[in-house]
Amino acid sequence: MTDETPESLIPYDEIVQEALRDVVGRVLKEVERGGALPGGHHFYITFKTGLPGVEIPKHLSQRFPDEMTIVIQHRYWDLKVDKDMFSVGLSFGGVPSTLRVPFAAVTDFVDPAVDFSLKFQANGADGSPHEQHDAPENDEPVVAAAPAEDGSNVVSVDFTRKK
């Protein structure tokens, strides 16, 4: 392989990103259908707050003008999942709020109960699957999760080109 790799006319990176975001949608849809998270599953979801279609309360968008992480575990309600977005009720400092998040705005999806993680490319992010994400900002009880026995299930796709 040479350094002169031709430019692809097929948007492979966009196709793969869409497919991986569909995984997030399918997982959330399963939880919506079941009415609750099964077993010890819980999700950390990081998303870009300023992207079109993101609807969060003004005090949260002022506090998190770029990105925020939420947790879906014990204290959530009204999870609704559509083809391109999800909405969920969460509490922030004891104040109930509804968030609407397009899947295109999601940058990280983590289920620590089974050591599963998806990281999406976003505006120059390096895509490192081992980097620590910020703590979620919504109210959550402190619950210890059992460590996974079989190792990590991190999926990372790097679309950077070597020049």
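About the thresholds
Residues numbered from 1 in each chain as written. Predicted model: local features only at pLDDT ≥ 70, side-chain atom pairs only at ≥ 80, totals over all residues. Heavy atoms only, no water. Helix = DSSP H or I, 4+ residues; strand = E, 2+ residues; numbered from the N terminus. Contact = heavy atoms within 4.5 Å. Areas by Shrake-Rupley, 256 points an atom, 1.4 Å probe, with all protein chains shown as cover. Expected span 1.5 Å × (residues − 1). Buried < 20%, exposed > 50% of the residue type's maximum accessible area, 1.4 Å probe, protein only. Phe/Tyr/Trp six-rings, centres within 6.5 Å; stacked < 30°, edge-to-face > 60°. Pairing = 2+ DSSP bridges.

## What about the overall build of the protein?
Along the protein, the regular secondary structure elements total two helices and eight strands. For the protein, the sequential pattern of α-helices and β-strands runs α-β-α-β-β-β-β-β-β-β. Restricting the contact set of the protein to residue pairs at least 6 apart, pairs at least 24 apart contribute 62%. Looking at the protein as shown, the accessible area adds up to about 10,100 Å², and 52% of this sits on carbon and sulfur atoms.

## What about the side chain of serine 87?
Note on placement: serine 87 falls in strand β4 (residues 85-92). Leaving out residues up to four positions away in the same chain, serine 87 has contacts with Asp78, Leu79, Lys80, Leu99 and Arg100.

## Section: helix α1 (residues 12-34)
A rise of 1.5 Å per residue sets the reference length of α1, with its 23 residues, at 33 Å; its end C-alpha atoms lie 33 Å apart and thus fit the reference within 8%. Within the span of α1, buried status applies to Gln17, Leu20, Arg21, Val24, Gly25, Leu28 and Val31. Where α1 ends, the next residue or the one after it, glycine 35, has phi of about 80 degrees, a positive value.

## Quick notes on unusual backbone geometry
Phi at aspartate 78 is positive, roughly 50 degrees, even though this residue is not glycine. Mapping aspartate 78 onto the fold places it in strand β3 (residues 76-81). Residue aspartate 78 is classed as exposed on the basis of its relative accessible area, which comes to 52%. One non-glycine residue, aspartate 115, adopts positive backbone phi at about 55 degrees.

## Description of the packing of aromatic side chains
The tally for this structure, following the rule as stated, stands at two aromatic pairs. Both rings, one in phenylalanine 43 and one in phenylalanine 109, keep their centres 5.0 Å apart while their planes meet at 35 degrees; by these two values the pair is tilted. With a gap of 66 residues between them, phenylalanine 43 in strand β1 (residues 43-48) and phenylalanine 109 in strand β6 (residues 106-111) connect regions that are remote in the sequence. Side by side, phenylalanine 43 and phenylalanine 109 carry an identical accessibility label, which is buried.

## A closer look at the pairing of strand β5 (residues 95-102)
As paired elements, β4 and β5 share eight bridges and run antiparallel to each other. Bridge pairing in β5 places serine 87 opposite arginine 100. What sits between β4 and β5 in their antiparallel hairpin is a turn of two residues, with glycine 93 showing a positive phi close to 60 degrees.

Remember, this is a structural readout, not a statement about activity or role.
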